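Each chain is listed here by its residues.
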Amino acid sequence: MKNSHYDVAIIGAGMSGLAAGIRLAHFGKKVCIFERHNAPGGLNSFYSLGGRKFDVGLHAMTNYVPPGVKGTPLGKLLRQLRIDREEFALCPQKQSRIAFGPRGETSLRFTNDFAVLDAEIAAKFPSQADGWRRLVETVRAYDDVSLDARPVSAREVVADHLTDPLLTDMIFCPLMYYGSAQERDMDFAQFVIMFKALFLEGFARPREGVRVVIRVLLEKFRAAGGERQMKCGVARIIEQQGRASRLILENGGEITADYVISSIGYAETMRLCEPPQTVSAAQNTGTLTFVETITVTRQPPAAWGWSEDTIVFFNDSDCFEYTRAEGQVDLRSGVICLPNNFDYAGGTLPEGIFRVTCLANYDRWAHLPEEEYQADKRRWFNEVQHSARRFLPSVDDAVLAAAQLATDMFTPRTIRKFTGHLNGAIYGAPHKVRDGRTHLANLYLCGTDQGFLGIVGAMLSGISMANYHILQGEAAGRA
């Protein structure tokens, strides 16, 4: 490894890094991905505990469309990565729900058929119907893949169309929980990306979870001739004459590359640079983070009447506050995921799974003594679960306790440890670098902080940055 040279070095084996590597390797580039952990997938990986496989980030793959639908992000990534649709084995959701009020008294159903949400809004918010349709037209017409679009407040744009604050918050809630690094608002381009991904397209999941997607990507990368170094992170990026001249690895090795693509985040990448770019990184470091509880049960959720909803986005307050929690956890809002409730074409999952996500505060978890940390995890596990169950049909505590087989919980501290994201910020920097450029001429960003979101978005980010900065750039240079 010492003194090896590559056409492209990629930092991080997450979805975007793997996709960039596949795309570049298909065009004959000598590519190596460097990953500090022993498992690929980054923010969307999996782990083993007690003989079971647990997904880390995957509630659902967004951007799902049925076979034959043209001109969509899913179709583009399958084509550019040379993946057959059947390889991902995607199973669509049944239905999802946005539930607001102390026990979800106001709700909006949505499925992978946009007409369902459209009808729900027309029926429950009739005075907003015309504005809603104008907003949808605006979203459909907006060029959300433009790399040079100027930031615009999504709240301001939506306010031009919707006047009911409850409906506005209900629309923002899923989009923020599944992709916003910004408190209280979103850049309109990010809003459009997520609106299309969740509402105009939809949710799906492989029956075996995220490891199916990772396995396909690894196979494609290997078949294309790509190299991968696991448990071998990048420690420093050495600058010389405005370029990334060398990468110093955590194992003491050193490599050079014509291009470097980093998928680990903007601030995280800037901290690797020598000299470090700490001032700019500090100004664009995310603070939004989460806790998530996972419960495995003997029976499927249908045994307790929890059979209809795949994902529930809930909020119990008069307004939706998407901000860093003041305490360790904010129970006012969150996301319930019931992986059993995808359409597995006659099949089912062997056990029931109940997952709940809530906003949290990294600083309240980061430095706790281990004994106190574990005690707080146990306390919050119960509180998070009880909070979420307000938005599902009532079930006696004893019934659920008797059905329980296993539990786990991750906190912002877990996220920081296994992803490297500062503050445990899953969605990274609040201000995205849409063109992927950095202060170094041959160092580019892909993934969360470039700005394409979700699993499909992450893969498209890797593809786009590989195309735009390397493949197209070299083709233009030869012309």
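Attention in this report is confined to the structure presented alongside it. (Residues numbered from 1 in each chain as written. Predicted model: local features only at pLDDT ≥ 70, side-chain atom pairs only at ≥ 80, totals over all residues. Heavy atoms only, no water.)

On to the environment of glycine 104. Looking at the element boundaries, glycine 104 is found in the loop between β6 (96-100) and β7 (106-110). We classify glycine 104 as buried; its relative accessible area is 11%. Counting along the chain gives 323 residues from glycine 104 to tyrosine 427, while the straight-line C-alpha distance between them is 27 Å. Residue contacts for glycine 104: discarding those within four places in its chain leaves Ala99 and Phe391. (Helix = DSSP H or I, 4+ residues; strand = E, 2+ residues; numbered from the N terminus. Buried < 20%, exposed > 50% of the residue type's maximum accessible area, 1.4 Å probe, protein only. Contact = heavy atoms within 4.5 Å.)

Below, the discussion takes up the sheet that holds strand β14 (residues 289-297). Hydrogen bonds between backbone atoms are what pair the strands of a sheet, whose relative direction is either parallel or antiparallel. The strand order across the open sheet formed by seven strands is β7-β6-β15-β16-β17-β14-β18, and the pairing between neighbours is mixed. Edge positions in the open sheet fall to β7 and β18 (404-410), since each of these has one partner strand only. Averaged over all neighbouring strand pairs, the angle between strand axes comes to 20 degrees, with direction disregarded. Bridge count between β6 and strand β15 (residues 311-315): four bridges; the pairing is parallel. Among the inter-strand pairings, isoleucine 98 is bridged to a residue of β15, identified as phenylalanine 313. Taken strand by strand, helix α7 (residues 165-177) contacts β6, β7, β14, β15, β16 (329-337) and β17 (352-360), and its axis lies near 130 degrees from that of β6. (Pairing = 2+ DSSP bridges. Axes fitted to C-alpha atoms, helices over the stretch in contact; angles between N-to-C directions.)

Axis separation between helix α4 (residues 114-124) and helix α5 (residues 129-141) bottoms out at 9 Å; the angle between their running directions is 150 degrees. One way to sum up the angle between α4 and α5 is to call them roughly antiparallel. The two elements α4 and α5 cross, and the hand of that crossing is right-handed. Judged by residue contacts, Phe114, Leu117, Asp118, Ile121 and Ala122 of α4 engage Ala129, Trp132, Arg133, Val136 and Arg140 from α5. Looking at the contact of α4 with α5, its residues break down into seven nonpolar, no polar and three charged. (Parallel < 35°, antiparallel > 145°, perpendicular 65-115°, else oblique. Left-handed = near helix turned anticlockwise from the far one by under 90°. Nonpolar A, V, L, I, M, F, W, Y, C, P; charged D, E, K, R; others polar.)

This part takes up the side chain of lysine 220. Tracing the sequence through the fold places lysine 220 in helix α9 (residues 210-223). Relative accessible area serves as the criterion here: at 19%, lysine 220 is assigned to the buried category. Setting aside chain neighbours within four positions, we find lysine 220 in contact with Ile22, Leu81, Arg82, Ile83 and Glu87.

The values are spatial; any link to function lies outside them.
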